[in-house]
Amino acid sequence: MFGISNPGIWLAYLLAFACLLFSIWFGITTWNKEDDEKTNSTKESRE
Amino acid sequence: MSTLTLGIIVIIYMFVIAWLGYLGYKQTKNASDYLLGGRKVNPIIMALSYGATFISASAIVGFGGVAATFGMGIQWLCLLNMFMGVVVAFIFFGRRTRKLGEEHNARTFPQLLGLHYKSRSIQIFIASIIFIGMPLYAAVVMKGGAVFIEQMFHIDLHLALLIFTLIVAAYVITGGIKGVLYTDALQAVIMFVCMLFLLFWFYHIMDMGFIEANQRLTDIAPMVPERFKSLGHQGWTAMPIAGSPQWYTLVTSLILGVGIGCLAQPQLVVRFMMVESTKQLNRGVLIGCVFLIVTVGAIYHVGALSNLFFLKTEGVVASEAVKDMDKIIPLFINKAMPEWFGAVFMLCILSASMSTLSAQFHTMGAAFGADAFPKLGRGKNPSSTLGVRIGVLCSILVSYVICYALSASIIARGTALFMGICAATFLPAYFCSLYWKGATRQGAVASLWVGGLASLFAMLFLHKAEAAPVGFCKALFGQDVLIDVYPWYAIDPILFALPLSAITIVLVSLVTQRKTV
C-alpha cells in the first residue's frame, strides 16, 4: 500500500490519515457544540 | 544568501515578535491575565500555541534526522502526537480539565491538582518537580536555538545563547501568557507554511509522485549501512527487527515515552484552562491535528525520502553523506531547497525553539511565583504579577546556568527525561482527578512520590541512555547499569515507573477510602 510493502509502516500512514479525517469531522460537527460533561466535583456538589 | 540579508530578515522577525510581546503586555491587567489570558483565549490561537509548544526544534531537526537515518517507522510518533497529543488530550483530558480548573478557579497545573485533592503539599510537590526538572528540558531547547544562530551567523556560541535567551525572556516576562500565545501563533503559522513548502518542493525537484517515491525508497533497502543493519535496520520503509536495539528505542522511548509523556506536560495542560468553553476545545482538535500532520508528518516523511535526494546528488544515502544525524536536515535544506528558503527555514527553526522555550519559562515562573511562593511580590495587591515575573526570571537564570554546567550528552537526554518524569509522576493523579472520584489525597501523594522516585531510579540505575552519561551507577557499583542484560537496559523508564505510579494510586486510594468510611 502507498508503495510501501511493510504493514508496520503503511498502517502508521493510514491511521494518521484516519486520525486527520476524524479530527476534521469532529471539529466541524462540534464547532459550536457545548457539552454537558460534568467533572467529579460537579457530580459531588450536585449529589 | 548573504549574512546581511539574513540579518535583515531576522531583525524584521524580531520586531514583529517584540510588537506581539508588547501587545500581550498591554492586555495584561492582573494575575489571571498573566497566567491564563483571563480564560478567554481565542481557540485558534490556543490550538496553534499548543501545537507550536508541542513541536520544538529538536522535533524538526533531530527527529527529521532520525527519519533520514532509520526510516519511516518514526511516523508512529506522528500518529501518536496527533492521537494522544490532540484527540485524546483535548477530548478526554482537555474538556474536563477546563471545567475542573474553572470550578476550582485554578490558574496553574500544580494548583489544579492541589485544590482538587485539597492538599497544599501536592501543589508544592508538583511545582518543585517542574522547577527542578524543566530547566533541563529548557536547556536543551536553549542550546539548540543558540547553536543554530551560531551556525547561521557565524558568531560565538556564548553570544548566540545570550541573545537568544534575552529575546525570549523579554517577551515572556513582560507579556505573560498573552505575549507567549500571540508569538506562538505567529511561529506556528511560519512552521506550518515552511513544512508545507518543503513537502511540495521535494516532489517537485525529484519529479516523482507519492507512491513512486515510496517504492523507490523501498527498492534501496539493500543500501542500509552495515553499522545500522546490526541494530535491526531493515530499510527506510520497514519497521526495525522486533526486539532489536533500534526497535526498543523506537517503540519504548520515542513512541511510548514521547507519545504518552505529552499527556501530562504542565505547559500543555494549562492551555486547556485558558479557553472560555468546551466548544473552543472541540475546534482545537481540528486545528491541532491539521497542524501536526503537516509539520511533524511532513518533516518525518521528507526526512526519510531525503535518502533518494542524496543518492541522486551524492551517490550515497543520507547517513553516509553526513554522519551526524542532527546535520542531515540542515544539509538537505541547504542543497535541495531554493536559496531564499534557507532563511525562511531558519525562521521556522527559531520559531519552533522560541515557542517551546517561552511556554517552559512561563510554566516554571508560574510554578515558582504562583505555586511555591504565592505571596511573593503581592504585598497589598493580591492580583500583582510581580511574583510570577520574578519566578520567570529565576527559571531563565537557572536554565541558562544548566546550559553551561552540564555536558552535552546529558543535556541531549533532557527532553525524554523530563517527559518521562512528567508522565510517570503526574499522569495517574491527573487522570484520577478527572475520572475517578474514589481517588484520595493519600493515594495521589503516594502516586506522585512513587512515580517520581521510580523514574529517577530507573534513569540513574537501569536505563543506559541516561545512566551511562550521568555515571552515578558506575560510581557506586562499578558498572553503567544494575542489570546489564539486553533488553533490560534499553527499556525506557516510563514502562517501569508509570504502571507503578498507577497501581499505587489505586491501591492506596482503596485502602484509605475504607479507613475514612
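Throughout this description, residue numbers start from 1 for each chain and increase along the sequence as written. For this description, chains carry letters from A and ligands carry numbers from 1, given in the order in which they are written. In keeping with the model being predicted, local features are shown solely for residues with a pLDDT of at least 70 and side-chain atom pairs are shown and tallied solely at 80 or more, while totals for entire chains, interfaces and linings include all residues. Derived side-chain values reflect all non-hydrogen atoms in the structure, with water molecules and hydrogen atoms excluded from consideration.

(A) Inspection of the overall build of chain A at higher detail. For chain A, the count of helices and strands is two helices and zero strands. Type-normalised accessible area, obtained with a 1.4 Å probe on protein chains alone, sets the label of each residue: buried when under 20%, exposed when over 50%, and partly exposed for intermediate values. Here chain A holds 47 residues, and the buried ones make up 40% of them. Computed by Shrake-Rupley with a 1.4 Å probe, the accessible areas treat only the displayed protein chains as cover when residues are assessed. Total accessible area computed for chain A in this model is approximately 2,900 Å², and 67% of it derives from carbon and sulfur atoms. Put simply, DSSP marks the helices as runs of H or I at least four residues long and the strands as runs of E at least two long, and each gets a number from the N terminus on.

(B) Region of interest: the confidence of the model for chain B. Here pLDDT means the predictor's own confidence in every residue, given as a number from 0 to 100. Per-residue pLDDT for chain B averages 87, and the proportion of residues at 70 or more is 96%. Averaged pLDDT values for the elements of chain B fall to 58 in helix 18 (residues 408-411) of chain B and rise to 95 in helix 6 (residues 109-116) of chain B.

(C) The interface of chain B and chain A, seen in detail. Here, residues are in contact when the closest pair of their heavy atoms is within 4.5 Å. At the junction of the two partners, chain B supplies 41 residues and chain A supplies 36 residues. Summed over both sides, the interface of chain B with chain A buries roughly 3,400 Å², with 61% coming from carbon and sulfur. Salt bridges are identified by distance alone: a Lys or Arg side-chain nitrogen within 4 Å of an Asp or Glu carboxyl oxygen. Put simply, chain B and chain A have zero salt bridges between them. N or O atoms closer than or at 3.5 Å make up a polar contact, with two conditions inside protein: a donor-capable atom paired with an acceptor-capable one, and, for residues adjacent in sequence, both atoms drawn from side chains. Along the contact surface separating chain B from chain A lie eight residue pairs in polar contact (both at pLDDT 80 or more). If you list the elements that add at least two residues to the side of chain B that touches chain A, you get helix 5 (75-104), helix 9 (210-219), helix 13 (278-313) and helix 19 (414-435) of chain B. A total of 13 residues in the side of chain B that touches chain A trace back to one element, the largest contributor, which is helix 5 of chain B. Across the side of chain B that touches chain A, the residue classes break down as 21 nonpolar, 13 polar and seven charged. Here the quantity called buried area is the total loss of accessible area, with a 1.4 Å probe, experienced by two parts when brought into contact, counted for both. Note on residue categories: nonpolar means Ala, Val, Leu, Ile, Met, Phe, Trp, Tyr, Cys or Pro, charged means Asp, Glu, Lys or Arg, and polar means any other residue, Gly included.

(D) Highlighting helix 4 (residues 57-70) of chain B. Residue and element names in this part refer to chain B. A helix's residues, less one, multiplied by 1.5 Å, set its expected span. With 14 residues, helix 4 extends 19 Å between its outermost C-alpha atoms, agreeing within 8% with the 20 Å of an ideal straight helix rising 1.5 Å per residue. Burial analysis of helix 4 places 13 of its 14 residues in the buried class, which makes it a mostly covered element. In the segment just after helix 4, Gly71 is the residue with positive phi, at about 100°.

(E) Geometry of the domain arrangement of chain B. Residue and element names in this part refer to chain B. Domain segmentation is taken from an automatic or database assignment of domains. Annotation of chain B at the domain level lists domain 1 (3-435) and domain 2 (436-517). Of the residues lining the interface, 33 residues belong to domain 1; the matching set on domain 2 comes to 31 residues. Taken together, the two surfaces of domain 1 and domain 2 that pack against each other cover about 2,500 Å², and 73% of this comes from carbon and sulfur. A per-residue breakdown of the area domain 1 buries against domain 2 is headed by Phe125, Tyr248 and Ala424, which together make up 20% of the total.

(F) Quick peek at helix 8 (residues 157-206) of chain B. Residues and elements named next belong to chain B. With 50 residues, helix 8 should cover 74 Å at 1.5 Å per step; its first-to-last C-alpha distance of 36 Å lies more than 12% under that length. Bend is computed residue by residue as the angle between axes fitted to the seven residues ending at the residue and the seven residues starting at it. The sharpest bend along helix 8 comes to roughly 130°, located at Gly175. Phi for Asp207, located one or two positions after helix 8, is positive at around 55°.

(G) Quick peek at a nonpolar patch on the surface. Residues and elements named next belong to chain B. A surface patch of nonpolar side chains, about 840 Å² in accessible area, is lined by Phe457, Val470, Phe472, Leu476, Phe477, Leu482, Ile483, Val485 and Trp488. Looking at which element gives the most residues to the nonpolar patch, the answer is helix 22 (residues 472-477), with three residues. For Val470, the position within the fold is in helix 21 (residues 464-470). Exposure remark for Val470: the relative accessible area of 39% places this residue in the partly exposed category. To count toward a patch, a residue needs a relative accessible area above 30% and no salt bridge. Like charges then connect within 9 Å, nonpolar side chains (Val, Leu, Ile, Met, Phe, Trp, Tyr) within 5 Å.

(H) Highlighting empty space enclosed by the protein. Residues and elements named next belong to chain B. The distinction between a cavity and a pocket rests on a 1 Å grid over the protein atoms alone: a 1.4 Å probe fits inside a cavity but cannot get out, while a pocket stays open yet meets protein on both sides within 12 Å along at least five of seven lines, and a residue with an atom within 4 Å of a point counts as lining. Grid points are joined across faces, edges and corners, and a volume is the space filled by probe spheres set on the points. This model, assessed by the stated rule, comprises seven cavities of 30 Å³ or more. The calculated volume of the largest cavity comes to roughly 130 Å³. Taken together, 14 residues form the lining of the largest cavity, with Phe54, Ala59, Phe63, Val258 and Met419 sitting closest to its centre. Residue assignment for the lining of the largest cavity shows that the elements contributing at least two residues are helix 4, helix 5, helix 13 and helix 19. No other element matches the three residues that helix 4 contributes to the lining of the largest cavity. Estimated volume of the second largest cavity: approximately 100 Å³. As for the second largest cavity, its lining consists of 15 residues, of which Thr108, Val270, His362, Thr363 and Ala366 are closest to the centre.

(I) Layout of the pattern of salt bridges. Per the counting criterion, the structure on display carries eight salt bridges over all chains. What emerges from the salt-bridge pattern is a single network uniting Arg227, Glu320 and Lys323 of chain B.

(J) Highlighting the environment of Leu80 of chain B. Residues and elements named next belong to chain B. Turning to its location among the elements, Leu80 is positioned in helix 5. For the pair Leu80 and Thr53, spaced 27 residues apart in the sequence, the C-alpha separation amounts to 16 Å. Apart from residues no more than four positions distant in its own chain, Leu80 is found in contact with Gly85, Ile255 and Gly259.

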